[in-house]
Amino acid sequence: VQPLVESGGGSVQAGDSLTLSCAASGRLYSSHIIAWFRQGAGKEREYVGAIRWSRDSTYYADSVKGRFTISKDRAANTVYLQMNTLKPEDTGTYSCAVGASLSSMTYDYFKWGQGTQVTVSS
């Protein structure tokens, strides 16, 4: 389990793009899944998408499919979340997490970052 640090959040206008980073301080293992979640004010934390550390296989929630892209840089121990055509409903605290299996459930992830805030204004 590696410490995770998210960065890249900010305040943007609808239609803008942002790329978030999730940096691990140590090595990630081939079996790991790195997922992105988000939580808006007064809302439950929801799954955004995930990537396998050993592959480029990615998975996305329907709400972001076609707009968001998850990628990784193995040398940098970093996973990225590229967010395009942002909408106000994308506003929230975005967190990355590490799990051992592909899942959209928060309880399947054992390490979390503190999150980075994304605010999208109309």
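What comes next is a walk through the structure. (Residues numbered from 1 in each chain as written. Predicted model: local features only at pLDDT ≥ 70, side-chain atom pairs only at ≥ 80, totals over all residues. Heavy atoms only, no water.)

1. Observations concerning the side chain of Glu 6
Next up, step 1: Tracing the sequence through the fold places Glu 6 in strand 1 (residues 4-7).
Next up, step 2: Salt bridges are absent for the buried Glu 6, whose nearest opposite-charge side chain, Arg 45, sits at 8.4 Å.
Next up, step 3: In this structure the side chain of Glu 6 is engaged in a polar contact, spanning 3.1 Å, whose partner is the backbone nitrogen of Gln 114.
Next up, step 4: Within the local environment of Glu 6, its side chain forms a polar contact with the backbone nitrogen of Gly 115, the two atoms lying 2.8 Å apart.
Next up, step 5: When near neighbours in sequence (up to four residues on either side) are disregarded, Glu 6 contacts Ser 21, Cys 22, Trp 36, Tyr 94, Ser 95, Cys 96, Gly 113, Gln 114, Gly 115 and Thr 116. (Helix = DSSP H or I, 4+ residues; strand = E, 2+ residues; numbered from the N terminus. Buried < 20%, exposed > 50% of the residue type's maximum accessible area, 1.4 Å probe, protein only. Lys, Arg positive; Asp, Glu negative; His and termini not counted. Salt bridge = Lys/Arg side-chain N within 4 Å of Asp/Glu carboxyl O. Polar contact = N/O pair within 3.5 Å; in protein donor to acceptor, adjacent residues only side chain to side chain. Contact = heavy atoms within 4.5 Å.)

2. What to know about the environment of Ala 76
Next up, step 1: With respect to the helices and strands, the residue Ala 76 is situated in the loop between strand 7 (68-73) and strand 8 (78-83).
Next up, step 2: Between the C-alpha atoms of Ala 76 and Gly 26, which are 50 residues apart in sequence, the distance is 9.7 Å.

3. Describing the pairing of strand 7
Next up, step 1: By the alternation rule, side chains of strand 7 split into Phe 68, Ile 70 and Lys 72, which are all buried, and Thr 69, Ser 71 and Asp 73, of which none is buried.
Next up, step 2: Both strand 7 and strand 8 contribute to a ladder of six bridges, which runs antiparallel. Along strand 8, the bridge assignment pairs Thr 69 with Gln 82.
Next up, step 3: In sequence, strand 7 turns back onto strand 8 through a hairpin of four residues, with Asn 77 there showing a positive phi of about 50°. (Pairing = 2+ DSSP bridges.)

4. Observations concerning the pattern of salt bridges
Next up, step 1: According to the stated counting rule, one finds five salt bridges in the structure shown.
Next up, step 2: In this structure, Arg 38 and Glu 46 form a salt bridge, with 2.8 Å as the shortest nitrogen-oxygen distance.
Next up, step 3: Looking at Arg 38, the relative accessible area reads 5%, which means it is buried.
Next up, step 4: A residue is classified by how much of its surface remains accessible, and Glu 46, at 34% relative accessible area, is partly exposed.
Next up, step 5: The residue Arg 67 makes a salt bridge to Asp 90 at a minimum N-O spacing of 2.7 Å. Here Asp 90 lies in the loop between strand 8 and strand 9 (92-99) and Arg 67 lies in the loop between strand 6 (58-60) and strand 7, a separation of 23 residues in the sequence. As far as the burial class goes, Arg 67 and Asp 90 line up, both buried.

Nothing here speaks to function; it is geometry throughout.
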